[in-house]
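# What the coordinates show
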Amino acid sequence: MCGITGWVDFTRDLTYEHRAVTAMTATLAARGPDAAGVWLDTHAALGHRRLSVIDLEHGAQPMRTPERGPGDRPRAVLSYGGEIYNFRELREELALLGHRFTTRSDTEVALRAYLQWGADFVHRLNGMYAIAVWDTAREELLLVRDRLGVKPLFYYPTDGGVLFGSEPKAVLANPLAEAAAGPEELCDALLFLRTPGRVPFRGMHEVKPGHLLRVGRSGATEERYWALEARPHADDLPTTVATVRELLDDIVPRQMVADVPLVSLLSGGLDSSTVTALAARARAADGERLATFSVDFTGHTENFRADAIRPTPDGPYALEVARHVGSDHHMITLDRARLLDPAVRKTVLGAWDLPFNFADLDVSLHLLFTAVREHATVALSGEGADEVFGGYLWFSDPQARKAETFPWLRLGAHRGLDPRSLFHPWFVDGIDLAEYEADLYRTALAEVPVLEGESAEERRTRELGHLTLTRWLPILLDKKDRMGMAAGLEGRVPFCDHRLVEYVFNVPWEMKSFGGEEKALLRAAAADLLPEPVLRRKKAAYPSIQDPAYDRALITGLAAAAGEADAPLGPFLDGDAVRRVTARTAGGSLSEFERILVESTVRMDDWLRTYDVTLTDVKGTH
C-alpha cells in the first residue's frame, strides 16, 4: 500500500533539505512499516514508506529509471502507493514495446508505463493508486490519483512549487505549511462533507479522484482524466445481471494478487458476503482455504436492540456465510474498555488527521484491522456496494429524494444529527453554514451528467447516485484507508473497480431494485453464491456499541470541550445545548445519531488541539 510524500521548489536547492524530507516521510511510517526511502535532486525531493505486498525483495522506492536525463540524472523518478491490478497485462504489453524489467513489482510497471505513454499512462491503469513522478527532462512533477479516490493524495502550493503527501500530516511536517482553518474549513467539518479537492486545512487541497496535477516552473495545472458519464442502457435485465456477475468474477480474483497473506472482511451482509464467496472460490481453485474476519462487541448479539439502521446483528449471518463458503473464520470481540482506551483513541486521531469521524466505528474498525494484521497484510472489503447499487435509504425514502440538499444530511437531521445543534446560533450564522451547504449542493448537482430524454424520476435517481459516489463514498474510503494503514493493513475494495461503477451507474433504477428489493441487481448476480437468509437480509450498518457507560464517557469529553478554558471549541459551543444532551445519558444511551453528533464535536476539538490548528477569521478568535 505504502505512503508517498515530496517537495518541489524551483527557488531553492532541495539537496540540502534531507532533514525536512525525512521528517515528512517519517510521518507515514505506519503506512509503510517495511522500508523507507528518500531521493533528492536540485528542485525535487521524493519520500516513500513501503508496505511490501508484491515482489517483497525488490520494488524499493523512490524508483529511478536506468535511462539517464539531463545532468546524468535518472530520466524519471517515481513514488507510488496502492496497487495496479492489471500490471501483468501492462507488463507484457510494455515488454513487446521493448521495455526491460528487473523486478516483478507493479511499481516498475507504472514507471515504465510513464516512460512509454507519458501522462496518458493513467488511462491504462486499473487499480487504486496515488502516484508521484518527477520528470527530470521536463522538470515537471506529475501527481495522479485513482478514479474513485480509494487512495488519498494531498498537496499544498508554495511560492516556489508544492508540498504533497498521502496524508495531511506529511505536508504539515514541512515548515512551509501552516495548520490553519477558517470559516470555510470549519463548515466542511461541521457538515460532514467531502467536497472533491477541499481539505479542512487552509491552503491545502487534495488531488481530486480521477484527476492529475502537473507542477512545473510556470505553476500547477489540474486535469481530469476520468468522470462518470451518462449513457443509455441497452441491456435487458438477464443480460445486466450476467454482466455484473462477469465483472465481479474478474474483479475479485484480480484483486487477490499478493505475495503476502490475504483475508476477507465478513460482516454477514450482502456486500462483504458476495466478495467473500467469490474470494473463497478463487482460493479453493488453488487448493487453499480463505480466512475471514468479523467484529462484534461483548454481549452485543445476546442483548441486541434493533433500530432503523441495524435491524439484525451481524454475528449469526457472518458465521452462516463462513460455514457456507468453508472459510477459516475469526470473530474479533471488543468491549467498552478497548474502545475507550486512551492509547487506542490517540492512535486513531493520529491516523485520521481530518475532523471527520464515525463515532465508535472508527475505533472498532482500527481494532479489527489491528487484529487482522496479526494474520495478514491485505484484506478484501465490501465497501462501495451501497453507493454503486443504491443500497442506502435515501435512494428510496420519499423525503430524502425530495430534499434540496445532500440526502444523508436530511435523514440525519430527522434523527437528531444536526451539526448546528451544539453550537451557538451566532457562530452558525457567522460562518454562513446554511448558505455554504446550499452552495456546495448546487455545485455538486451541476456536475451530474445529463442523459437526454430521461424522466424526472430517473434523473433524480442519477443525481442521488452521483452525489453518493462523489460526496459520500470519499469519506468512507478515507476512513477505511486511514484505519487500515494505521495498522499496516492494505484494504482492497472490489466494488470500486471503475468498470463496474461505470456500468451500474447507467443501469435504470427499476433494474437495480426490481421486485421492490434494495440492491436487487446485486442479489441476483450473487444468487448462487450465498445462503438464502443472507441473500435476503436487509441492509444493516456496521455494528456500533450499545452501552450507556460508553455514552457517558463521550459526554465527559463533550463537557471538557465546552468547559475547559483552553478548549479550542469552547467559545463556540452552546452550554444549554450541551447540558440537554448530557441529561439524556442520565437514564440510558444516546441514539446512534446523537452519539455521532457528540463524538464528532469532541473529535473536532481534539483535532484542533492535536494538530495545533490556528483558527482565523472566525468570530470570537483572532
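Look up: the structure comes first, before these words.
### Remarks on the overall build of the chain
When helices and strands are counted, the chain shows 24 helices and 19 strands. Its C-alpha atoms give the chain a radius of gyration of 24 Å, near enough to 25 Å, the size a compact globule of 622 residues would have. C-alpha extents for the chain along the principal axes are approximately 70 × 60 × 55 Å. Sorting the 622 residues of the chain into buried and exposed places 62% on the buried side. Looking at the chain alone, contacts between residues at least 24 apart form 73% of all its contacts between residues at least 6 apart. Of the roughly 23200 Å² that the chain leaves accessible, carbon and sulfur atoms contribute 50%. Of note, the chain has its 71 positive side-chain charges centred 1 Å away from the centre of its 91 negative side-chain charges.

### Re helix α17 (residues 456–485)
Here α17 contains 30 residues, and its C-alpha end-to-end distance of 42 Å stays within 8% of the 44 Å for a straight helix at 1.5 Å per residue. The sharpest bend along α17 comes to roughly 45 degrees, located at L473, with the proline P474 sitting one to four residues further on. Here α17 lies mainly inside the structure; 28 of its 30 residues are buried.

### Observations regarding the sheet that holds strand β17 (residues 378–380)
Strands pair in a sheet through their backbones, by hydrogen bonds, and they do so in one of two ways: parallel or antiparallel. One open sheet holds the five strands; their spatial order is β16-β15-β14-β17-β18, and the pairing between them is parallel. In this open sheet, the two strands that pair with only one neighbour each are β16 (328–334) and β18 (490–492). Neighbouring strand axes in the sheet, compared pairwise and without regard to direction, differ in orientation by 30 degrees on average. One ladder, built from seven bridges, connects strand β15 (residues 291–297) with β16; its direction is parallel. Opposite A291, over in β16, you have D328 as the bridge partner.

### Quick word on the pairing of strand β13 (residues 219–224)
In this structure, strand β12 (residues 211–216) lies alongside β13, joined through six bridges in antiparallel fashion. Its bridge partner being in β13, R214 is matched across the sheet by T221.

### Quick word on the side chain of K479
Within the secondary structure, K479 sits in helix α17. Of the side chains with opposite charge, D362 comes closest to the buried, unpaired K479, at an N-O distance of 5.0 Å.

### Points about the pairing of strand β7 (residues 140–145)
Of all the six residues making up β7, six are buried; the element is thus mostly covered by neighbouring parts of the structure. Bridge analysis of β7 against β12 gives four bridges, and the strand direction is antiparallel. In the sheet register, L143 faces β12, and the bridge partner there is L213.

The rules behind these values
All residue numbers refer to positions counted from 1 along the written sequence of the respective chain. Local features in this predicted model are restricted to residues of pLDDT 70 or higher, and side-chain atom pairs are both shown and tallied only at a pLDDT of 80 or more, whereas totals for entire chains, interfaces and linings draw on every residue. Computation of side-chain values covers all heavy atoms of the structure but excludes hydrogens and water. Helix and strand labels come from DSSP, where a helix needs a run of H or I of at least four residues and a strand needs a run of E of at least two; each type is numbered from the N terminus. The atom set for the radius of gyration is the C-alpha atoms, and the globule formula is 2.2 Å times the number of residues raised to the power 0.38. Accessible area is worked out with a 1.4 Å probe on protein chains only. A residue is then buried under 20% of its type maximum, exposed over 50%, and partly exposed in between. The contact criterion used is simple: two residues touch if any of their non-hydrogen atoms lie within 4.5 Å. Each accessible area is a Shrake-Rupley estimate made with a 1.4 Å probe; only the visible protein chains count as cover when residues are assessed. Positive charges come from Lys and Arg alone, negative charges from Asp and Glu alone, with His and the N- and C-terminal ends not counted. In plain terms, the charge of a residue is placed at NZ if it is Lys, CZ if Arg, CG if Asp and CD if Glu. Multiplying one less than the number of residues by 1.5 Å gives the expected span of a helix. The term bend refers to the angle at a residue between two fitted axes, each drawn through seven residues, those ending there and those starting there. Paired strands are those between which DSSP finds at least two bridges. In this analysis an axis means a line fitted to C-alpha atoms, helices contributing only their contacting stretch, and an angle means the value between N-to-C directions, from 0 to 180 degrees. By salt bridge we mean one thing: a side-chain nitrogen of Lys or Arg within 4 Å of a carboxyl oxygen of Asp or Glu.

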